[in-house]
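Examination of the molecular architecture
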Amino acid sequence: MKGLTRRLLVRLGTGLVMVWVVATFTFFLVHALPGNPGDAQYEQYLTQGMAPETARAKVAVIYGFTSHEPLLQQYTSYMWQLLQGNLGVSISYTGEPVVQVIRAALPWTLFPVLTGLVVSFLVGVTAGVVAAVRRSSRWGGLLSLSGSLVAGVPSFVLALLLAFLFHTLWQILPFGDTSDVTLEPGFNGPYIASVISHAVLPVATYALLSYGGWLLAMKSSVVSVLGDDFILASELRGITPLTRMRYIARNAILPLFTVLALSLGFMFGGSVLIEDIFDYPGLGNLLLKSIGARDYPLMGGAFLLITVAIVLANILAELLYSVIDPRVRR
Amino acid sequence: MTDTVQLTAERAEAAAEVSVRDLTVLYRTDQGELPAVAHADIDLPTGTITGLVGESGSGKSTLALSLMNAIPAPGRISSGSIQVNGVGDVTRLEGRALRRVRGRALGYVFQASQNSLNPLKTVGKQLLDLGRAHDVQDMRGLVRRARELADEMGMDGARVLDSYQHELSGGMRQRVGIVLALVLNARVLILDEPTTALDMLSQAAVLEIVRKVHRQEGLTTLVVTHDMGVVSEIADRLAVMYGGRIVEDGPATEVLQRPAHPYTRALIGATARITGDTDTARALPGRPPDLTTVPRTGCVFRERCPLAMDVCAETEPQLLTWAPDRRRACHADPATTAATGEGA
Amino acid sequence: MTAPTLGAATAAVPPRRRSTSWTAARRVVLRKPGRVIGLGILVFFALMAILGPYLYPGQLAVDPESIYAPPSGAHWLGTDFAGSDVLQEIVVGARYVLLTASLSALFTAVVGTGVGLVAGYHRGLADSVLMRATDFILTIPAFPLLIVLSTVWSFANPLEMSLVLGLTGWGGVARAVRSQTLSLRERGFLEAARGLGLPTRHIIVKELLPNIAPYVAMQLLLSVIGFIGAEVGLFFLGVVPFSSSNWGVMLNQAVFAGGAMNSPEALGYLLAPLVCILLLTLGVVLFLDAVDELFNPRLRERS
């Protein structure tokens, strides 16, 4: 278990460093902005007739610091707030803490991303096995080509094409928001149906986005495992075909855990574009809107959370990997 | 009764654990189907160790794999038979029947550098998979037998069964391969390059173990190797392959002392370098042929042969008995092959 | 003394690059029709990027009489919100898109190869530090980072854009170069060359680079599509100021101003850039197949 703990600790360590770097980056970014937004806010409060003390306190609540203190103190105060899980107060969602705004948006990113991940995993891995076994046939070649092509196409191109085909041209699927706004949210048939139909396009885009990665990785993995000596050796020992298939499957799945982390990163990164196109109120949309609205605390928070999600995905992938591979475990 | 030659041939066949007759294995390539093994005839007499020697691409591994009827995809056994004592013609088996023969009647051990174990499972778990595949009722007995075999080979049986492949050294993997090949009491053991990729000490140890197990279990063993040293160390009989043909065979000591085919002579000559006898050592000129470069007519060795004559380009020499228990496929006079090789 | 040693050193390196002559390349490309198509697509867009602005010099023609006109003889791909010819916009916009992507790829190649070579060659501390950095670059959500960066830096001009893209994208190349260097090292080239007393610079430039270049080339071809996606995406989202006419601006105008998602009016305007990106991706993917075979002799069939 020692090796595993070490590896996980390294992952966790680099993850924490990454989160710290991103947080520091956003802090200095806000400082570097033309016309420090904190100062601007402060000035605005003053012109509204607020006492300097109150104004300063309000700015501190929003940004986690005010520019009236030395830079280092501002930074530590900001970090201290961050450690307590306080990301400041959103400006565009007047007065609402950033954490709450993000908490409302997070499910609408996680739900389609994870659904898309499961769908693409099932389809991509199956297609990858077929592409590997039939690699010398025309169909196998076309399957591989579909994988490379889809893996290469930018996310928004996929999203726009899907939206165009299924919404504009054939008018099968709705898009915009998470459900029909006229419906009462809750556990009722029409609302759930509406949520599902609104999610189809984003989920399909996420799924397509990572389908190619799964396919290509699974294909090359199966091909290399099929060529492994222990498969032939087990055949020569008279091991049953079913058991051999299990040997192949378990060995071929292993390298895919690196794809898992990559895929999730890709999807979270792509959420900005995809959610913008489908007007889906998730994290990515939040990030983009916060920039449009100059809501810098919200921007920093959304960016930080996307980073955290990716770091967690990496650690998860590492954990899963080590559960399967004894060479890492011991 | 008058045909005494026929009679002795039949008697010889009866004493052979494995007899290969007219075996041809074809591989599909860009240039059509080409033979990797052509018209091979060979017996593995019961209780002997036979060494099968040749350069890479000579078809020796293909021949070994066809004993298991396990020629990989673009290849196939196109003609011939492989009779195994108590099993019948292996080339006619398929599906479940073939699967049951593999591992139970015929044990196959891979090259040591190749990883013949599933890296994600312990040896013990793979042993149980093996037992299940062959409907072994007494799993305890199977484990006990495996442990005994491992102990006999100088390993800690209990520990080995609890290990993953990456926890075993090359020599140990090789021995585990032998354990798995013999645990179901196979009568025939086939070793593909058993010493390649092992250091000198492990080589000696593995050969010692093979010899010991062979004797104790009363096996019939085929050792496929490119290393003349291995053969001289361990084999009772020796067969030499070149370009998919068996070019010479006979008792190992006799073939090594008096090779009757120029290729055998060249192989032995090339090995002499290791012993330091550089005067007589001769590297073989040219490169070993592969499927596509083997001459299609005449003798396959003629392009590298110091004795090549006109007839070699026209007629392929047959593998014929030229002295008691000695066969060779060469047009040249047996006396000349001996003389020329030495002088050159 | 020196002449024969040098000869021996070069002989130790597989003559992979030297045998990759034009005839071999031509044979590999011509073997499958898909590869020819791929190369054709790439050449087509390259020509478009080079010649485009000369084909349509001056400003885009604005024609208020025909806004969002459907494809016609006069306007093959229809017109946009201002009545400008979509085909003309595509052709003129190609230069920015491709120039930026190529520059990014160049930047990526330099940084990625440098980092990968140093890490793989020196190993030890340099390796672990550089690989940590590489992991960092690989895991950081690049596109969100670009968006956040756009708040302080309006990197719309090609040089700055490609610098930013290159900065976020060199991780993959560095990884590939490092593992390639390590495998060359394992095969004993480096020891052989060093044993002959060759200077480090010579080993890296003459022995390592030629063997690594193919992998870099392949990584680059792949990353070019990624860069095109990223830059066009930034313009599409509208977070980078529109300094010039390009495909991303077109998409942005079509979707957010033209309402292309709700009415088929701006159809050509929306589809033209999309199809261009799709075609480019297809071209790269098809052509990569040939590059792969050319540089991986194991895949090359006997002929």
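Just so you know, these numbers come straight off a predicted model, no measurement behind them.

What to know about the overall build of chain C
- Counting its regular elements, chain C contains 13 helices and zero strands.
- Along its sequence from the N terminus, chain C presents helices and strands in the succession α-α-α-α-α-α-α-α-α-α-α-α-α.
- Put simply, of all contacts in chain C between residues at least 6 apart along the chain, 71% involve residues at least 24 apart.

Remarks on the packing of helix H5 (residues 86-122) of chain C against helix H9 (residues 171-186) of chain C
Residue and element names in this part refer to chain C.
- Taken N-terminus to C-terminus, the directions of H5 and H9 make an angle of 35 degrees; their axes are 7 Å apart at the nearest point. Viewed along their axes, H5 and H9 form a crossing whose handedness is right-handed. On H9, the residues touching Thr 108, Ala 109, Gly 112, Thr 113, Val 115, Gly 116, Leu 117, Ala 119, Gly 120 and Tyr 121 of H5 are Val 173, Ala 174, Arg 175, Ala 176, Val 177, Arg 178, Thr 181, Leu 182 and Arg 185.

So, the domain arrangement of chain A
All names here are of chain A.
- Once the domains are mapped, chain A shows domain 1 (19-83) and domain 2 (105-328).
- Taking the mean C-alpha position of each, domain 1 and domain 2 sit 38 Å from one another.
- With eight residues of domain 1 at the interface, the matching set in domain 2 holds nine residues.
- Elements with a minimum of two residues in the side of domain 1 that touches domain 2: helix H1 (2-32) and helix H3 (52-63).
- Of all the elements, H1 adds the most residues to the side of domain 1 that touches domain 2, at five residues.
- When its residues are assigned to classes, the side of domain 1 that touches domain 2 shows seven nonpolar, one polar and no charged.

Some points on the sheet that holds strand S5 (residues 88-89) of chain B
Residue and element names in this part refer to chain B.
- Here four strands make up an open sheet; going across it, the order is S2-S1-S4-S5 and the pairing antiparallel. Of all the strands in the sheet, the pair left with one neighbour each is strand S2 (32-45) and S5.
- Inspection of the sheet shows strand S1 (residues 16-29) paired to S2 by ten bridges, in the antiparallel sense. Each bridged residue has a counterpart across the sheet, and for Ala 16 the counterpart in S2 is Pro 45.
- Sheet strands in contact with helix H2 (residues 60-67) are S1, S2 and strand S4 (75-84), and its direction is about 70 degrees off that of S2.

Brief notes about the sheet that holds strand S12 (residues 326-328) of chain B
All names here are of chain B.
- Sheet architecture is open: eight strands sit in the order S6-S7-S8-S3-S9-S10-S12-S11, paired in mixed fashion. Each of the sheet's edge strands pairs with one partner strand only, and the pair in question is strand S6 (106-109) and strand S11 (320-323). Across this sheet, the average inter-strand angle for adjacent strands is 20 degrees, counted without regard to direction.
- Sheet topology note: the strand S3 (residues 49-53)/strand S9 (residues 237-242) ladder contains four bridges and is parallel. Looking at S9, one finds that Val 53 is bridged to Val 240.
- Each of S6 and strand S7 (188-192) is contacted by helix H7 (residues 170-182), which is oriented at about 165 degrees to S6, the strand it contacts most.

So, the interface of chain C and chain A
- On the chain A side, the residues contacting the 31 residues of chain C number 35 residues.
- Looking at the side of chain C that touches chain A, the elements that each hand over two or more residues are helix H6 (124-139), helix H7 (142-149), helix H11 (200-237) and helix H13 (267-295) of chain C.
- Ranked by residues supplied to the side of chain C that touches chain A, first place goes to H13 of chain C with eight residues.

A closer look at the interface of chain A and chain B
- Each side of the interface is counted separately: chain A has 17 residues, and chain B has 23 residues.
- Looking at the side of chain A that touches chain B, the elements that each hand over two or more residues are helix H9 (229-236), helix H10 (241-253) and helix H14 (326-329) of chain A.

Remarks on the nonpolar core
- The biggest cluster of nonpolar side chains holds 160 residues, and the ones touching the most others in it are Ala 159, Trp 214, Leu 287 and Ala 302 of chain A together with Ile 147 and Ile 228 of chain C.
- Here this core gathers at least three residues from each of two domains, domain 1 (19-83) and domain 2 (105-328) of chain A.
- Beyond its immediate sequence surroundings of up to four residues, Ala 159 of chain A is in contact with Thr 205, Leu 273, Ile 274, Ile 277 and Phe 278 of chain A.
- Counting residues in hydrophobic clusters, the runner-up holds 99 residues, among them Leu 63, Met 68, Val 101 and Leu 222 of chain B.

Let's talk about unusual backbone geometry
Residue and element names in this part refer to chain B.
- A positive phi is found at His 39, a non-glycine position, where the angle reads about 45 degrees.
- By the element assignment, His 39 lies in strand S2.
- Take His 39: there are 18 C-beta atoms within 10 Å of it, and that puts it in the partly exposed class.
- For Glu 193, which is not glycine, the phi dihedral falls at a positive 45 degrees.
- With respect to the element layout, Glu 193 can be found in the loop between S7 and helix H8 (200-217).

Details of helix H12 (residues 247-257) of chain C
Residues and elements named next belong to chain C.
- Counting buried residues along H12, nine of its eleven residues qualify, which places the element largely inside the surrounding structure.
- Every buried residue of H12 is listed here: Trp 247, Gly 248, Val 249, Met 250, Leu 251, Asn 252, Gln 253, Ala 254 and Val 255.
- In the core, the buried residues of H12 are packed alongside H5, H11 and H13.

Points about H8 of chain B
All names here are of chain B.
- Over its 18 residues, H8 extends 26 Å from the first C-alpha to the last, a length consistent with the 26 Å expected when each residue adds 1.5 Å.
- Next to the buried residues of H8 lie S3, H7, S7, strand S8 (220-225) and helix H9 (228-234).
- Once H8 ends, the next one or two residues include Gly 218, with phi positive near 65 degrees.

Remarks on the environment of Ala 159 of chain A
- If you trace the backbone, Ala 159 of chain A turns up in helix H7 (residues 155-169).
- Remark: the alpha-carbon pair of Ala 159 of chain A and Thr 307 of chain A, spanning 148 residues in sequence, is separated by 23 Å.

Some remarks on the pairing of S6 of chain B
Residue and element names in this part refer to chain B.
- Neither face of S6 is exposed, since Leu 106 and Tyr 108 on one face and Gly 107 and Val 109 on the opposite face are all buried.
- Summarising the sheet, S6 and S7 pair through four bridges and their orientation is parallel. For Leu 106, the partnering residue across the bridge sits in S7 and is Val 188.

Overview of the packing of helix H5 (residues 98-133) of chain A against helix H13 (residues 296-324) of chain A
Residues and elements named next belong to chain A.
- H13 packs onto H5 with a crossing angle of 50 degrees between their chain directions and a minimal axis gap of 10 Å. Judged by the angle between their axes, H5 and H13 are oblique. By crossing handedness, the relation of H5 to H13 is classed as right-handed. Across from Val 98, Val 101 and Ile 102 in H5, the residues of H13 making contact are Pro 297, Leu 298, Gly 301, Ala 302 and Leu 305.
- Here the contact of H5 with H13 is composed, by residue class, of seven nonpolar, one polar and no charged.

A look at the pairing of strand S10 (residues 245-251) of chain B
Residues and elements named next belong to chain B.
- Burial analysis of S10 places six of its seven residues in the buried class, the great majority of the element.
- Sheet topology note: the S9/S10 ladder contains six bridges and is antiparallel. Bridged to Arg 237 within S10 is Pro 251.
- Linkage of S9 to S10, two consecutive antiparallel strands, is achieved through a turn of two residues, within which Gly 243 is found at a positive phi near 55 degrees.
- When S10 meets S12, the two strands line up antiparallel, connected through two bridges. Across the sheet, the residue bridging to Asp 249 is Arg 327, located in S12.

Here is what the cut-offs are and how they apply
Residue positions within a chain follow its written sequence, with the count starting from 1. Naming scheme: in the order in which they are written, chains are lettered from A and ligands are numbered from 1. Confidence filtering applies because this is a predicted model: local features only for residues at pLDDT of at least 70, side-chain atom pairs given and counted only at 80 or more, and all residues used for totals across whole chains, interfaces and linings. By the criteria applied, helices consist of DSSP H or I runs no shorter than four residues and strands consist of E runs no shorter than two, each listed in order from the N terminus. Residues are defined as contacting one another if the C-beta atoms placed from their backbone atoms lie within 7 Å. Axes, fitted as lines to C-alpha atoms, cover a helix only where it is in contact. Angles between the N-to-C directions of the axes lie from 0 to 180 degrees. Handedness of a helix crossing follows the sense of rotation of the near helix relative to the far helix, less than a right angle counterclockwise being left-handed and clockwise being right-handed. Where each domain begins and ends is defined by an automated method or by a domain database. Under the grouping applied here, Gly and all other residues not named as nonpolar or charged are polar, the nonpolar ones being Ala, Val, Leu, Ile, Met, Phe, Trp, Tyr, Cys and Pro and the charged ones Asp, Glu, Lys and Arg. Two strands are counted as paired when DSSP detects at least two bridges linking them. Linking buried Ala, Val, Leu, Ile, Met, Phe, Trp, Tyr and Cys residues through C-beta atoms within 7 Å yields a set, and such a set is a nonpolar core. Exposure in this text rests on C-beta crowding, where 20 or more other C-beta atoms within 10 Å of a residue's own make it buried, 12 or fewer make it exposed, and counts in between make it partly exposed. The C-beta atoms are placed from the backbone. Expected span of a helix, by definition, is 1.5 Å for each gap between consecutive residues, and there is one gap fewer than residues. Should an angle fall under 35 degrees it is called roughly parallel, over 145 degrees roughly antiparallel, and 65 to 115 degrees roughly perpendicular, with every other angle called oblique.

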